[in-house]
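# Per-entry structural report
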Amino acid sequence: MTAYDQNNIFARILRGEIPCKKVYEDDHALAFHDINPQAPIHVLVIPKGPYVSMADFTANAPDDLTLGFFRAVGKVAADLELTEPGYRILANHGPDSHQEVPHLHIHIFGGKRLGPMLVRA
Ligand code: 5GP
């Protein structure tokens, strides 16, 4: 697996070196609006730890961070009032997925009918 890059853009956001439009923060997670939204609501949730991707996080993160991170994803969606109308979560892992930022992030999309999950190839 690729080594964690301490200077990736989300590491720099976590360190406060780059601003973000914060939605939520606790001991385990930070949530902020995507800079290039793909839906009326497009929020990213990232864990507070050096994990490249879902594979890295689920294999190596401690239990309290794993639990806290996934709880934060659900809470952010609820705080955004998306639980009832519905929302989509997505995490890209690796080259086939087109993951661009090598720090685990879960996308939360909502605010409209999102349609089918993937565009067919
Ligand atoms: P990926 O393709 O890695 O799953 O998604 C990366 C996401 O990060 C993209 O949706 C992109 O718009 C977003 N992004 C990249 N740079 C920044 C940034 O500096 N600030 C914010 N808020 N989002 C970013």
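Data block above holds the structure.
Structure report, in brief.

What follows deals with the pattern of salt bridges. Considering all chains together, one arrives at five salt bridges under this definition. With a closest N to O distance of 3.2 Å, E17 and R12 form a salt bridge. A single network of salt bridges, built from pairs that share partners, joins R12, R15 and E17.

With respect to the secondary-structure elements, H42 resides in strand β3 (residues 41–47). A polar atom in the side chain of H42 sits 3.0 Å from the backbone nitrogen of Q38.

Among the nonpolar cores identified, the biggest contains 18 residues, and A31, V45, F57, F69, V73, V76 and I108 are the most heavily contacted of them. The set of elements that each furnish at least two residues to this core consists of β2 (29–33), β3, α3 (63–79) and β5 (106–110). It is α3 that contributes the most residues to this core, six residues altogether. In contact with I108, not counting residues within four places along its chain, are I41, H42, V43, V45, V73, V76, A77, L82, Y87, R88 and I89. With seven residues, the next largest nonpolar core counts I13, L30, L44 and I46 among its residues.

Before going further, it helps to spend a moment on the sheet that holds β3. Here we have five strands laid out as an open sheet, ordered β1-β2-β3-β5-β4, and antiparallel in their pairing. Both outer strands of the open sheet, β1 (22–25) and β4 (88–90), are each paired with one neighbouring strand and no more. The mean angle between the axes of side-by-side strands here comes to 20°, regardless of whether they run parallel or antiparallel.

Near the ligand you find 17 residues, and of these D34, N92, E100, H105 and H107 are the closest. At 2.8 Å from an oxygen atom of the ligand is found a side-chain nitrogen or oxygen belonging to H105. Coverage of the ligand by the protein chains reaches 85% of its 520 Å² of free accessible surface. By residue class, the composition of the shell around the ligand is seven nonpolar, eight polar and two charged.

This part is about α3. When the terminal C-alpha atoms of α3 are compared, their 24 Å separation across 17 residues agrees well with the 24 Å that a helix rising 1.5 Å per residue should span. All of the buried residues along α3 are L65, G68, F69, A72, V73, V76 and A77. In this structure, the buried side of α3 is in contact with β1, β2, β3, α2 (54–60), β4 and β5. Directly after α3, the chain includes E81, whose backbone phi takes a positive value near 60°.

In this structure, β1 lies alongside β2, joined through three bridges in antiparallel fashion. Opposite E25, over in β2, you have L30 as the bridge partner. The hairpin turn running from β1 into β2, its antiparallel successor, is three residues long.

Next up on the list: unusual backbone geometry. Phi is positive for E81, close to 60°, though the residue is something other than glycine. Topologically, E81 is positioned in the loop between α3 and β4. With a relative accessible area of 66%, E81 lands in the exposed category. Phi angles above zero are rare outside glycine, and H98 is one such case at about 70°. With respect to the helices and strands, the residue H98 is situated in the loop between β4 and β5. H98 gets classed as exposed once you look at its relative accessible area, which sits at 55%.

What counts, and where the lines are drawn
- Residues numbered from 1 in each chain as written.
- Predicted model: local features only at pLDDT ≥ 70, side-chain atom pairs only at ≥ 80, totals over all residues.
- Heavy atoms only, no water.
- Salt bridge = Lys/Arg side-chain N within 4 Å of Asp/Glu carboxyl O.
- Helix = DSSP H or I, 4+ residues; strand = E, 2+ residues; numbered from the N terminus.
- Polar contact = N/O pair within 3.5 Å; in protein donor to acceptor, adjacent residues only side chain to side chain.
- Core = buried A, V, L, I, M, F, W, Y, C linked by side-chain atoms within 4.5 Å.
- Buried < 20%, exposed > 50% of the residue type's maximum accessible area, 1.4 Å probe, protein only.
- Contact = heavy atoms within 4.5 Å.
- Pairing = 2+ DSSP bridges.
- Axes fitted to C-alpha atoms, helices over the stretch in contact; angles between N-to-C directions.
- Near = heavy atom within 4 Å.
- Areas by Shrake-Rupley, 256 points an atom, 1.4 Å probe, with all protein chains shown as cover.
- Nonpolar A, V, L, I, M, F, W, Y, C, P; charged D, E, K, R; others polar.
- Expected span 1.5 Å × (residues − 1).

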